[in-house]
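Each chain, letter by letter, is given below.
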Amino acid sequence: MIGCGFIAGGYDNEPVPGLVQTHALAFQQSPDVTLVAVADMDAEKAKAFASRWDVPAVYDDVPTMLQAVKPELVSICSPDDTHEHYLRLCLAMPSVKGVWCEKPLSTSPDGCDFLVEQFRQAGKSLLVNFQRNFTEGYIHLKQELDAGRYGAIQKVIVNYTKGVIHNGSHAMDLLVDWFGTPDKMQVFSAQVDYTETDPTVDALLMFDGVPVYMMGFNEGCFSIFEIHLYTETAILSLIDSGQILRLRKVREQSSASGHKELEPEVEIDMGLGMAMLDALNKMVEAIKGESYMISGDRALAGLRITHQLAGLGMKRMACESR
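In short, a report on the structure. (Residues numbered from 1 in each chain as written. Predicted model: local features only at pLDDT ≥ 70, side-chain atom pairs only at ≥ 80, totals over all residues. Heavy atoms only, no water.)

## Quick look at the packing of helix H5 (residues 109–122) against helix H9 (residues 297–321)
Basically, it comes down to this: To get an axis, a line is fitted to the C-alpha atoms, and for a helix only the part in contact is used. The angle between two axes follows their N-to-C directions and goes from 0 to 180 degrees. What counts as a helix is a DSSP run of H or I of at least four residues, what counts as a strand is a run of E of at least two, and both are numbered from the N terminus. What sets the label is the angle itself: under 35 degrees gives roughly parallel, over 145 gives roughly antiparallel, 65 to 115 gives roughly perpendicular, and the rest give oblique. Residue contacts follow a heavy-atom distance rule, with two residues in contact if any of their heavy atoms lie within 4.5 Å. Note that Gly is not counted as nonpolar here; it falls among the polar residues with everything else outside the nonpolar set of Ala, Val, Leu, Ile, Met, Phe, Trp, Tyr, Cys and Pro and the charged set of Asp, Glu, Lys and Arg.
Contact geometry for H5 and H9: axes closest at 9 Å, N-to-C directions at 170 degrees. In terms of axis orientation, H5 runs roughly antiparallel to H9. Residues Pro109, Cys112, Asp113, Val116 and Arg120 of H5 form the contact with H9, whose participating residues are Asp297, Leu300, Leu303, Arg304 and His307. Looking at side-chain class alone, the contact of H5 with H9 contains five nonpolar, one polar and four charged residues.

Written as structure tokens, this is what we have:
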């Protein structure tokens, strides 16, 4: 484990039954994986993490840990701007068969392209932690959209905070899976609520005639991650960070005035409570050769788009400051 922050284990310091929010708890609950070492530049933080999760070896230097432990699987949970460096170290380590990395792979598009290709050539699995990819609820939703269960999609609205790359990429990963890549995109405004190079943008993207509006809010005011799909026959709202699908269908019969009204909402649990463990299981299967090698290609497509949006957002902010 590289990095000992919240996604590494902090969110699960006091575990909730039926909920796995971190790499460490996923490792603890998997019969196929043993967490043998952790590293963090903050030595005291690493020691506290190791004590909490019963990890035998603690390091404040990642190359030293990799050389000493020779792991098969590495989790990268460090700050965004360190990911590419640590991924390159894992590429050079013969024992490493797979890396489970928090997004983004790199803070540059070229870096993302390079890493995915190098991992493919090395025969190593690379899983970017867009955990909604691996839950049955989202897999089923994709199947329903592909089958036209709710008719044509009229519009999509994404509400998010904390950077179009850092958090917006979770939504973009799903959008690319559902609709492919956008035909065009336009950024209307941008603000910095995460880093200068990753603004939170308001944008319009067109996916084969389907408009997708990304609405960025300030993380300092509140955190939000929601996706609302407006179709011909329903409104599907992924709320509570996508944990719940709120479904409102059009009534089969029109009202007396002829208006088509929506039925009362139904809430469906999307299964995100165990998504981290689902993702780890997929990685273990790939490392064992029991399933296809995970290449990172799908994640790369979405990351390319969010990097483009971030670049457009920075240009807009630069123009507005003149």
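## Quick word on the pairing of strand S12 (residues 244–249)
Keep this limit in mind: Two strands are counted as paired when DSSP detects at least two bridges linking them.
Where strand S11 (residues 234–239) and S12 come together, six bridges link them in antiparallel fashion. Opposite Ala234, over in S12, you have Lys249 as the bridge partner. Strand direction decides the pairing type here: S12 and strand S13 (residues 266–269), joined by four bridges, are antiparallel. Across the sheet, the residue bridging to Arg246 is Glu267, located in S13.

## Concerning the pattern of salt bridges
Rules: What counts as a salt bridge is simple: a side-chain nitrogen of Lys or Arg found within 4 Å of a carboxyl oxygen of Asp or Glu. The rule is simple: take the accessible area with a 1.4 Å probe, protein chains only, and divide by the maximum for that residue type; under 20% is buried, over 50% is exposed, in between is partly exposed.
The tally for this structure, following the rule as stated, stands at 13 salt bridges. Salt-bridge contacts for Lys288 lead to Asp32; the nearest nitrogen and oxygen are separated by 2.9 Å. Separated by 256 residues along the polypeptide, Lys288 in helix H8 (residues 275–288) and Asp32 in the loop between helix H1 (23–29) and strand S1 (37–39) bring together distant segments of the chain. Classification of Asp32 as partly exposed rests on a relative accessible area of 42%. Here Glu84 makes a salt bridge to Arg88, at a shortest N to O gap of 2.9 Å. Taken as a pair, Glu84 and Arg88 lie in helix H4 (residues 83–91) at a separation of four residues, close to a single helical turn. Given the relative accessible area of 18%, Glu84 is considered buried. Assessed through its relative accessible area of 39%, Arg88 is described here as partly exposed. Ionic contacts of the salt-bridge type, sharing partners, join the residues Lys142, Asp146 and Asp177 into one network.

## Side note on the side chain of His166
What counts is decided by this rule: Polar contacts here mean pairs of N or O atoms no more than 3.5 Å apart (in protein, one a potential hydrogen donor and the other a potential acceptor; neighbouring residues in sequence count only if both atoms are side-chain atoms).
Along the chain, His166 turns up in helix H7 (residues 163–179). Exposure remark for His166: the relative accessible area of 12% places this residue in the buried category. A distance of 3.2 Å separates polar atoms of two side chains, one belonging to His166 and the other to Tyr194.

## Description of the sheet that holds strand S5 (residues 125–128)
Whether parallel or antiparallel, the strands of a sheet pair through hydrogen bonds between backbone atoms. The strand order S3-S4-S5 describes an open sheet built from three strands, whose pairing is parallel. Looking at which strands have only one partner, the edges of the open sheet turn out to be strand S3 (73–76) and S5. Taken over all neighbouring pairs, the strand axes of this sheet differ in orientation by 15 degrees on average, direction set aside. Sheet topology places strand S4 (residues 98–101) next to S5; four bridges connect them, and they run parallel.

## Topic: the packing of aromatic side chains
Test applied: Pairs were defined over the aromatic rings of Phe, Tyr and Trp, the Trp ring being its six-membered one, requiring ring centres within 6.5 Å. Orientation was assigned from the angle between planes: stacked under 30 degrees, edge-to-face over 60, tilted for the rest.
Scanning the entire structure with this criterion turns up six aromatic pairs. When the centroid spacing of 5.9 Å and the interplanar angle of 65 degrees are considered together, the rings of Phe27 and Trp100 count as edge-to-face. Here Phe27 is found in helix H1, whereas its partner Trp100 is found in strand S4, with 73 residues between them in sequence. Accessibility assignment for this pair places Phe27 and Trp100 in one class, buried.

## Some details on the nonpolar core
Note the cut-off: Buried residues of nine kinds, namely Ala, Val, Leu, Ile, Met, Phe, Trp, Tyr and Cys, make up a nonpolar core once their side-chain atoms join them within 4.5 Å.
Core analysis: the largest hydrophobic core is formed by 41 residues, its most contacted members being Ile227 and Leu309. Contact partners of Leu309, with chain neighbours within four places excluded, come to Val164, Met172, Met185, Val187, Val201, Ala203, Leu205 and Met214. Within the second largest apolar cluster, 29 residues are counted, among which are Met1, Ala50, Ala279 and Val284.

## Section: the pairing of strand S8 (residues 198–207)
In terms of residue burial, S8 counts as a mostly covered element, since 10 of its 10 residues are buried. Where burial is concerned, the two faces of S8 agree: the one with Asp198, Thr200, Asp202, Leu204 and Met206 and the one with Pro199, Val201, Ala203, Leu205 and Phe207 are both buried. Pairing between strand S7 (residues 184–195) and S8: eight bridges, direction antiparallel. The residue of S8 that forms the bridge with Lys184 is Met206. Between the antiparallel neighbours S7 and S8 lie two residues. From the end of S8 to the start of strand S9 (residues 210–217), which pair antiparallel, there are two residues, and Asp208 there has a positive phi angle of about 50 degrees.

## Observations regarding the packing of H7 against H9
Put simply, the rule reads: Two helices crossing with the near one rotated counterclockwise from the far one by less than a right angle form a left-handed crossing, whereas a clockwise rotation gives a right-handed crossing.
Running from amino to carboxyl end, H7 crosses H9 at an angle of 130 degrees, the nearest separation of the two axes being 8 Å. In this view, H7 runs oblique relative to H9, as classed from their interaxial angle. Along this stretch, H7 crosses H9, giving a crossing that reads as right-handed. Contact with H7, carried on its side by Val164, Ile165, Gly168, Ser169, Met172, Asp173, Leu174, Val176 and Asp177, involves Arg298, Ala299, Ala301, Gly302, Leu303, Ile305, Thr306, His307, Leu309 and Ala310 of H9 and no other residues of that element. Looking at the contact of H7 with H9, its residues break down into 11 nonpolar, five polar and three charged.

All quantities given are derived from atomic positions and should not be read as evidence of function.
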